[in-house]
Amino acid sequence: MPVLHLYNSLHRKKEAFEPITPGHVGLYVCGPTVSGESHLGHARPYITFDVVNRYLQHLGYRVRYVRNITDAGHFEEEGREAEDKVAEKAKLEQLEPMELVHKYTSLFHKGMHLFNTLEPSIEPTATGHIIEQITMIEGLIAKGYAYEVNGSVYFDVKKYAEGHNYGELSGRVMEDLLETTRELEGQDEKRNKVDFALWKAAPPQHIMRWKSPWGEGFPGWHIECSAMSAKYLGTQFDIHGGGMDLQFPHHESEIAQSTIAHGCAPARYWMHNNMITINGKKMGKSYNNVIKLSELFSGNHPMLEQAYHPMVVRFYILQTHYRSTLDFSNEALQASEKALKRLWEAKEELQKLTNESPVTDNSTSDAEQKVVKLLGELEGFMADDFNTAQVLANFFEMVPVINALKNGQLPKDAISAASLAQMKESFTRYLEDILGLQGMQQNTDSSKLDKVIAILGDIRRDARKRKDFATSDAIRDKLAQDGILLKDEKDGSVSYTLQ
RNA sequence: GGUCGCGUAGCCGAGCGGUUAGGCACAGCUCUGCAAAAGCUGCUACAGCGGUUCGAGUCCGCUCGCGACCUCCA
């Protein structure tokens, strides 16, 4: 089995993956802020890291996958009058903060389920770890890298940078940061503009608030991930993932505070997925161009020409490498829908294929050689920084072979029994287990419908034998009007698909 | 303004110095009572200009265009 190489954002190059503890992987991924409904952009990291999780397990690792829920709410803009995002929206919607947070957490879970992502091992919430966060902040103050002002606590970035490389992950330069950080109100509390909040004093109108050694307040934006990853994965763990937009300042700050608090950098490998764009622009709240997951699945959005099945979205995301931007368009989604359907039909046909003449020597058959080559490349593609696009391309190259075998355009024994078995195994292992894809058919019991169609199919077949095409076409056309598409197979049988 | 990244055929997208990526669309052919599906064939591109090399989407430089981050952001 090839060695897994992954692109480490920390060093900006691909590196061989070596876990800290042999056989085990600690994986932390920044989860959603549940102050609103998840959108298409959010789907990318969770699907990307779901595949990372699945592939690591395929390699035999025992993975502890921690993905947090940010439910504490952060202030809108650093330094500006602290406004708890969650509290603000709760007022608008006349809801309790926790009610709101629960609602969006549930919706998030529903979306993740529809995308067929495996559940994380632990899904800690920020509100459930206030004590851990306070403890960590106290440690930072004790070490002289954090200071309290008016009930708020800030991390002293300039001091940190004297002995450490602040900007290592994101490529920032301290001098630049000191120059370009925006001039904002309330900056005077901080010793330097680059300092970031660990704890914020809560103004009176703030709904979410906790007691702390510095008065009532709420945690700063970065501390939860550091506190929770250390608690569940250890002060140093293997992989930390998230969207590219979190690289700075979120992840950079995590590194700084964890390094001081624990005496070591938190993660050895940092992975960042690229953004989903729409008309070339990043999909994001601030651009006002988001398509929420529920809108995507229902088609209920001005930019959507139709509804898209969650599996189509998953497939569409996996067709692109996770570090490339991925541009949304109806055309692209529709292409993915057709492609996934074709791939899945071939996958199902494959399982029915048999080679009754296993003794035939067909090692020189073109198809056989092609299949052997395509199958052999899969593991290497995945091991090369999770190149799901190449994996899918190889499977698509096997589709014509499967269809040709099925339709008799290739002799039954063109593929050896051994290769056929390997194909069946690989289609299931890679497409289902590793890429987490599923068919798009509803899981409803269709056995009764199968029988009805079989009867109609028999009637139609008899009519065709009598050259009574008026009857045979009527059956097909009427069913088609109700979205049941009949197909005459080469062997004389009739199959159907639902639209 | 600073830092980083991208620009591949009609569209979406792999590619990390030497072979047809793949998908969707389109055209032709085969099969078919007709459809549909399927198979085969075709369309063969790397923003521009220089450079390195026997050989460059692939490395280097410059130019143009686009984007991300620097503010909550997946």
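Residues numbered from 1 in each chain as written. Chains lettered and ligands numbered in written order. Predicted model: local features only at pLDDT ≥ 70, side-chain atom pairs only at ≥ 80, totals over all residues. Heavy atoms only, no water.

1. Remarks on the domain arrangement of chain A
Splitting chain A by domain gives domain 1 (18-273), domain 2 (293-434) and domain 3 (447-498). Facing the 24 residues of domain 1 at the interface are 28 residues of domain 2. Carbon and sulfur atoms supply 67% of the area buried between domain 1 and domain 2, which totals about 2300 Å² over both sides. Here domain 1 is connected to domain 2 by 1 salt bridge. Asp-50 is paired through a salt bridge with Arg-314; the nearest N and O atoms lie 2.7 Å apart. Taken together, the connections running from domain 1 to domain 2 amount to 12 residue pairs in polar contact (both at pLDDT 80 or more). If one sorts the elements of the side of domain 1 that touches domain 2 by residue count, helix α1 (residues 40-58) sits on top with 11 residues. Across the side of domain 1 that touches domain 2, the residue classes tally to 11 nonpolar, 9 polar and 4 charged. (Domains from an automatic or database assignment. Contact = heavy atoms within 4.5 Å. Buried area = accessible area lost by both parts, 1.4 Å probe. Salt bridge = Lys/Arg side-chain N within 4 Å of Asp/Glu carboxyl O. Polar contact = N/O pair within 3.5 Å; in protein donor to acceptor, adjacent residues only side chain to side chain. Helix = DSSP H or I, 4+ residues; strand = E, 2+ residues; numbered from the N terminus. Nonpolar A, V, L, I, M, F, W, Y, C, P; charged D, E, K, R; others polar.)

2. Some words on the protein's contact with RNA strand B
Around RNA strand B there are 66 residues in total, and Trp-221, Leu-246, Lys-282, Met-283 and Thr-320 lie nearest to it. Within 4 Å of the protein, the contacting atoms of RNA strand B are drawn from sugar and phosphate to the extent of 64%. Here a base nitrogen of RNA strand B and a backbone polar atom of Gly-41 are 2.8 Å apart. At a separation of 2.8 Å, a base nitrogen of RNA strand B approaches a polar side-chain atom of Asp-473. The greatest single-element share of the surface near RNA strand B, amounting to 8 residues, is contributed by helix α13 (residues 388-407). In the surface near RNA strand B, the residues fall into 20 nonpolar, 23 polar and 23 charged. (Near = heavy atom within 4 Å.)

3. Remarks on the sheet that holds strand β6 (residues 152-155)
One open sheet accounts for 4 strands, arranged β5-β6-β7-β8; its pairing is antiparallel. Of all strands in the sheet, those bounded by a partner on one side alone are β5 (146-149) and β8 (217-219). Adjacent strand axes in the sheet meet at a mean angle of 20 degrees, parallel and antiparallel pairs treated alike. Pairing of strand β7 (residues 196-201) with β8, which is carried by 3 bridges, proceeds in the antiparallel orientation. By the bridge assignment, Lys-200 is partnered in β8 with Phe-218. (Pairing = 2+ DSSP bridges. Axes fitted to C-alpha atoms, helices over the stretch in contact; angles between N-to-C directions.)

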